[in-house]
Amino acid sequence: MEKTEKIWLDGKVIGWDEANVHILTHTLHYGLSLFEGIRAYQRADGRTHIFRLSDHVRRIYDGAKVATLDMPFTPEEITQACVDMVRINKQSSCYIRPLVFVGDGAMGLYAMTNPTRVAIIVWPWGTYLGEDGLNKGIRAKVSSFTKLHVNANMVKAKIGGQYVNAILAKREVVRSGYDEAILLDAEGYACEASGENLFVVRDGVLRTPPDGAAQLNGITRESVIELAQSLGIPVKEERMTRDFLYIADEIFLTGTAAEITPVRELDNRVIGSGKPGPITKRIQDLFFDIVTGSHDGYHKWLHWV
Ligand code: PMP
């Protein structure tokens, strides 16, 4: 990864190489943390914005409640720190990674007196599944690992430890030559990819698993639903079986890191024409016009740096 100069740690701006923690940091042992992935984009006029910053910050505080973490900063302070780190590191477009973790002190699981610590790191990061993937589509595979049940995986929170399931799925399929893993829930319904939400088009209708599915309710997902509706594309939130995915006209994945990445093949079956489909393209074009272009709507989503 490409380093930047400064990292925000517990309210202080320090050098990249100084941002270290003790080996007894609780989160390193047991995995209770929250993280966010946010993007800053430069628009056609040269101005930089952070996409849906307030929604990402809200997800941190929702996650803290779910994960029993006491946040030592206010949402306003975290919001300002994200903006400051983009500015201080002189980034025009970058990825922003807030991380909330349990510091050292007591060991054992309870450890409620350990400090909650917060870091904010920014760095340049291209699209997660590659430019080629974004333009031509990726090859996905259903993982043999089941997505954790909704009473095991707290799906409204981006809790670090929950990502072990996603890492195992991702490593399994990438080692077999695919680009991304799609996970099925405990009942066998498609829920999401290892780090992205799932969208399927059939007969002109855009479908995605419902809010209550075993998936993170992605901010890109929510944006795509709103954009599709604005384009007059019918949207249905519903459970989908594995075989329904095979006969889809189009499939795409959404996430802050992966943006809007088409899937051209799933489990060695060509999806639609094997190229990004027309509905995928329309939504992708509109999304990029908003984040990096000069679209004059949706300024409610742009937090200027
Ligand atoms: N699902 C998972 C498991 C993720 O890690 C992410 C990335 N945060 C997403 C979906 C997409 O969420 P968002 O659009 O908010 O980045």
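Everything discussed here concerns the structure shown above.
Below or above, wherever it landed, is the structure these notes cover. Predicted model, so just to flag it, every value in this text is computed and none were measured.

### Examining the overall build of the protein chain
And then number 1: Across its full length, the protein chain holds eight helices and 17 strands.
And then number 2: Sorting the 305 residues of the protein chain into buried and exposed places 53% on the buried side.
And then number 3: When contacts within the protein chain are restricted to residue pairs at least 6 apart in sequence, long-range pairs at least 24 apart make up 70% of them.
And then number 4: Surface exposure of the protein chain reaches about 13800 Å², of which carbon and sulfur atoms provide 51%.
And then number 5: When the 35 positive and 38 negative side-chain charges of the protein chain are each reduced to one mean point, those points stand 2 Å apart.

### Quick notes on the packing of aromatic side chains
And then number 1: As enumerated under the stated definition, the model contains 11 aromatic pairs in all.
And then number 2: Summarising the aromatic geometry, the rings of Tyr 95 and Trp 125 are spaced 4.7 Å apart at their centres and angled 90 degrees between planes, so their arrangement reads as edge-to-face. Of this pair, Tyr 95 sits in strand β6 (residues 94–102) while Trp 125 sits in the loop between β7 (116–123) and α4 (131–136), and the two are 30 residues apart along the sequence.
And then number 3: A relative accessible area of 4% means that Tyr 95 is categorised as buried.
And then number 4: Owing to a relative accessible area of 33%, Trp 125 belongs among the partly exposed residues under this scheme.
And then number 5: With centroids separated by 5.8 Å and ring planes inclined at 80 degrees, the aromatic side chains of Trp 125 and Tyr 128 adopt a geometry described as edge-to-face.
And then number 6: An aromatic cluster is present here, built from Phe 51, Phe 287, Phe 288, Tyr 298 and Trp 301 joined pairwise through their rings.

### A closer look at the packing of helix α2 (residues 53–66) against helix α3 (residues 75–88)
And then number 1: Direction vectors running N to C along α2 and α3 enclose 130 degrees, while the axes themselves pass 10 Å from each other. As far as their axial angle goes, α3 and α2 are oblique. Classified by chirality, the crossing of α3 by α2 is right-handed. Counting all contacts with α2, which are made through Leu 53, Val 57, Ile 60 and Tyr 61, the residues of α3 involved are Pro 75, Ile 78, Thr 79, Cys 82 and Val 83.

### Examining the site of the ligand
And then number 1: Around the ligand sit 15 residues, and of these Tyr 163, Glu 192, Ile 219, Thr 220 and Thr 256 come closest.
And then number 2: For the ligand, a nitrogen atom lies 2.7 Å from a polar atom in the side chain of Lys 158.
And then number 3: Tyr 163 places a polar side-chain atom, nitrogen or oxygen, 2.5 Å from an oxygen atom of the ligand.
And then number 4: Within the complex, the protein chains bury 95% of what would otherwise be the 380 Å² of accessible surface of the ligand.
And then number 5: Judged by its atoms lying within 2 Å of the grid points, the ligand is housed in the largest pocket.
And then number 6: Looking at side-chain class alone, the shell around the ligand contains three nonpolar, eight polar and four charged residues.

### Concerning the layout of surface pockets
And then number 1: Taken as a whole, the largest pocket holds about 790 Å³ of empty space.
And then number 2: Taken together, 41 residues line the largest pocket, and the ones lying closest to its centre are Phe 35, Lys 158, Tyr 163, Ser 194 and Gly 195.
And then number 3: Among the elements that make up the lining of the largest pocket, the one with the highest residue count is helix α5 (residues 163–175) (four residues).
And then number 4: Here the lining of the largest pocket is composed, by residue class, of 16 nonpolar, 17 polar and eight charged.
And then number 5: In this model, the second largest pocket occupies a volume close to 310 Å³.

### Digging into the nonpolar core
Where a protein is soluble and globular, its nonpolar side chains tend to be buried together.
And then number 1: Counting residues in each nonpolar core, the largest one holds 29 residues, and the members touching the most others are Ile 50, Ile 78 and Ile 96.
And then number 2: Sorting the residues of this core by element identifies β4 (38–42), α2, α3, β6 and β7 as the ones contributing at least two each.
And then number 3: When residues no more than four places from it in sequence are discounted, the contact partners of Ile 78 are Trp 8, Val 57, Ile 60, Tyr 61, Met 71, Phe 73, Val 118 and Ile 120.

### Section: unusual backbone geometry
And then number 1: Despite not being glycine, Arg 52 shows a phi value in the positive range, around 50 degrees.
And then number 2: Tracing the backbone shows Arg 52 in the loop between β5 (48–51) and α2.
And then number 3: Among the residues examined, Arg 52 registers a relative accessible area of 5% and is labelled buried.

Parameters at a glance
Residues numbered from 1 in each chain as written. Predicted model: local features only at pLDDT ≥ 70, side-chain atom pairs only at ≥ 80, totals over all residues. Heavy atoms only, no water. Helix = DSSP H or I, 4+ residues; strand = E, 2+ residues; numbered from the N terminus. Buried < 20%, exposed > 50% of the residue type's maximum accessible area, 1.4 Å probe, protein only. Contact = heavy atoms within 4.5 Å. Areas by Shrake-Rupley, 256 points an atom, 1.4 Å probe, with all protein chains shown as cover. Lys, Arg positive; Asp, Glu negative; His and termini not counted. Charge placed at Lys NZ, Arg CZ, Asp CG, Glu CD. Phe/Tyr/Trp six-rings, centres within 6.5 Å; stacked < 30°, edge-to-face > 60°. Axes fitted to C-alpha atoms, helices over the stretch in contact; angles between N-to-C directions. Parallel < 35°, antiparallel > 145°, perpendicular 65-115°, else oblique. Left-handed = near helix turned anticlockwise from the far one by under 90°. Near = heavy atom within 4 Å. Polar contact = N/O pair within 3.5 Å; in protein donor to acceptor, adjacent residues only side chain to side chain. 1 Å grid on protein atoms, 1.4 Å probe; cavity = no way out; pocket = protein on both sides within 12 Å on 5 of 7 lines; lining within 4 Å. Sits in = over half its atoms within 2 Å of the grid points. Nonpolar A, V, L, I, M, F, W, Y, C, P; charged D, E, K, R; others polar. Points joined across faces, edges and corners; volume = space filled by probe spheres on them. Core = buried A, V, L, I, M, F, W, Y, C linked by side-chain atoms within 4.5 Å.

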